[in-house]
Amino acid sequence: MSRQTGVSLVELMVALVIGAIIILGAGQLYLSALTTFKQVEALSQRQDTLMFVVETLIRDMRNAHNISPERDAVRLTVPRDALSSCATPDLDKRYYLNPTPSGSYSLSLSECMTPGGWKISQPLISGFHDEKAFSVEARGAGRYQLTLVLDAENAQGHETMVFNVQNRVAALARHDTGSVPTGDD
């Protein structure tokens, strides 16, 4: 009589346990990679939005005919562009913080001041730390310091970003008059 050979029940169970461990490890690796990808994508999107807002605000500050810093806002008068729906040759803009339902603040833009109020208002970016998280300070000779305080991604504290902006209109006016700015301006 010939004897049949095969896999015993113990060997089969050991193989199943080893296979399950390998599959769980691969699943954990996939979930970890997916979580990391989503975090990087969210951070990238936040950086893109922040870069757009900062570039827009800095461009407006550089080209403004008039800059009026307020306590938690800045009002600018800039040349009207082709996309503006305002009929005036100059465009009034106001960047300011607005509270959001989540408890943070968003930077908003209003433009085209009319006798009835601002014609267009829109939020630009959210996630500001508190009501004092946006400021523009005059530094003299057409120089301004723009400060943004955003909530940190990990909800632990905040991140402060400071930008120095030179108004081109003021710089050209100083150049045309021949005055040379000193450190005291």
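Residues numbered from 1 in each chain as written. Predicted model: local features only at pLDDT ≥ 70, side-chain atom pairs only at ≥ 80, totals over all residues. Heavy atoms only, no water.

Asks: Is there a simple way to think about the overall build of the protein in this case?
Replies: Per the secondary structure count, the protein includes two helices and eight strands. In terms of overall dimensions, the protein is more spread out than a globule: its C-alpha atoms have a radius of gyration of 29 Å, far above the 16 Å expected for 185 residues. Seen through its principal axes, the protein has C-alpha atoms that stretch 115 × 45 × 30 Å. The buried share among the 185 residues of the protein stands at 29%. For the protein, the proportion of contacts with a sequence separation of at least 24, taken over those separated by at least 6, is 36%. For the protein, the accessible surface area stands at approximately 12400 Å², while carbon and sulfur atoms represent 58% of it. Each charge sign in the protein was given a centre, from 16 positive and 20 negative side chains, and these centres are 2 Å apart. (Helix = DSSP H or I, 4+ residues; strand = E, 2+ residues; numbered from the N terminus. Rg over C-alpha atoms; globule rule 2.2 N^0.38 Å. Buried < 20%, exposed > 50% of the residue type's maximum accessible area, 1.4 Å probe, protein only. Contact = heavy atoms within 4.5 Å. Areas by Shrake-Rupley, 256 points an atom, 1.4 Å probe, with all protein chains shown as cover. Lys, Arg positive; Asp, Glu negative; His and termini not counted. Charge placed at Lys NZ, Arg CZ, Asp CG, Glu CD.)

Asks: Sorry if this is basic, but what is going on with the nonpolar core here?
Replies: Buried together is how nonpolar side chains tend to be arranged in soluble globular proteins. By size, the foremost hydrophobic cluster in this structure holds 31 residues, and its most contacted members are Leu76, Tyr95, Phe128 and Phe134. At the level of elements, α1 (9-63), β2 (73-79), β3 (90-99), β4 (105-114), β5 (117-128), β6 (134-140) and β7 (143-151) are the ones that each hand at least two residues to this core. At six residues, the largest contribution of residues to this core is made by α1. (Core = buried A, V, L, I, M, F, W, Y, C linked by side-chain atoms within 4.5 Å.)

Asks: Please clarify how unusual backbone geometry should be interpreted in this entry.
Replies: Where the residue is not glycine, phi is negative for most of them; where a peptide bond is considered, it is trans in most cases. Although it is not a glycine, Ala141 adopts a positive phi angle of roughly 55°. You can see Ala141 is positioned in the loop between β6 and β7.

Asks: Looking at this structure, I do not really get the pattern of salt bridges. What am I missing?
Replies: Proximity of charged atoms lets side chains of opposite charge pair with each other. Applying the stated rule across the entire model yields seven salt bridges. Between Glu70 and Arg94 there is a salt bridge, with its nearest N and O atoms 3.1 Å apart. Highlighted residues: Glu70 in the loop between β1 (66-69) and β2 and Arg94 in strand β3, separated in sequence by 24 residues. The salt bridge involving Lys93 is made with Glu111; its shortest N-O contact spans 4.0 Å. In this pair, Lys93 is assigned in strand β3 and Glu111 in strand β4, connecting sequence segments 18 residues apart. Accessibility expressed as a relative area gives 6% for Lys93, which makes it buried. (Salt bridge = Lys/Arg side-chain N within 4 Å of Asp/Glu carboxyl O.)

Asks: Sorry, what's going on with the layout of surface pockets here?
Replies: With a probe scaled to a water molecule rolled over the atoms, the places where space remains empty come into view. Of the volumes computed, that of the largest pocket is approximately 190 Å³. Elements with a contribution of two residues or more to the lining of the largest pocket: α1, β3, β4 and β5. It is α1 that contributes the most residues to the lining of the largest pocket, three residues altogether. (1 Å grid on protein atoms, 1.4 Å probe; cavity = no way out; pocket = protein on both sides within 12 Å on 5 of 7 lines; lining within 4 Å. Points joined across faces, edges and corners; volume = space filled by probe spheres on them.)

Asks: Even after reading the chapter, I still don't get a nonpolar patch on the surface, so can you show me in this structure?
Replies: On the surface, Val7, Leu9, Leu12, Met13 and Leu16 cluster together into a nonpolar patch covering about 550 Å² of accessible area. Relative to the elements of secondary structure, Leu12 occurs in helix α1. (Patch = residues over 30% accessible without salt bridge, like charges linked within 9 Å, V, L, I, M, F, W, Y side chains within 5 Å.)

Asks: I'm lost on the pairing of β1 in this one. Help?
Replies: Each regular strand displays side chains that alternate between the two surfaces of the sheet. One ladder, built from four bridges, connects β1 with β2; its direction is antiparallel. Bridging from a neighbouring strand, Ser68 pairs with Arg75 of β2. Following β1, the chain reverses through three residues before pairing antiparallel with β2. (Pairing = 2+ DSSP bridges.)

Asks: How should the environment of Asp48 be read in this particular structure?
Replies: For Asp48, the position within the fold is in helix α1. C-alpha of Asp48 to C-alpha of Ser104: the two residues are 56 residues apart in sequence and 20 Å apart in space.

Asks: Honestly, α1 in this entry has me stumped. Any pointers?
Replies: In an α-helix, one full turn covers 3.6 residues, which means residues spaced three or four apart are oriented alike. The first and last C-alpha atoms of α1 sit 80 Å apart over 55 residues, in line with the 81 Å expected at 1.5 Å per residue. Considered for burial, the residues of α1 that qualify are Leu50, Val53, Val54, Thr56, Leu57, Ile58, Asp60 and Met61. (Expected span 1.5 Å × (residues − 1).)

Asks: How do you make sense of the confidence of the model for the protein when you look at a structure like this?
Replies: Close inspection of predicted coordinates is inappropriate in any region flagged by low pLDDT. For the protein, the mean per-residue pLDDT works out to 83, and 91% of the residues sit at or above 70. Of all the helices and strands in the protein, helix α2 (residues 168-177) carries the lowest mean pLDDT, 74, while α1 carries the highest, 91. Of the regions scoring below 50 in pLDDT, residues 180-185 engages in six contacts with residues more than four places distant in sequence or in other chains. (pLDDT = per-residue confidence, 0-100.)

Asks: Looking at this structure, I do not really get the side chain of Asp60. What am I missing?
Replies: When you line up the elements, Asp60 lands in helix α1. The class for Asp60 is buried, based on a relative accessible area of 5%. When sequence neighbours within four positions are dropped, the list of residues in contact with Asp60 reads Leu76, Val78, Lys93 and Tyr95.

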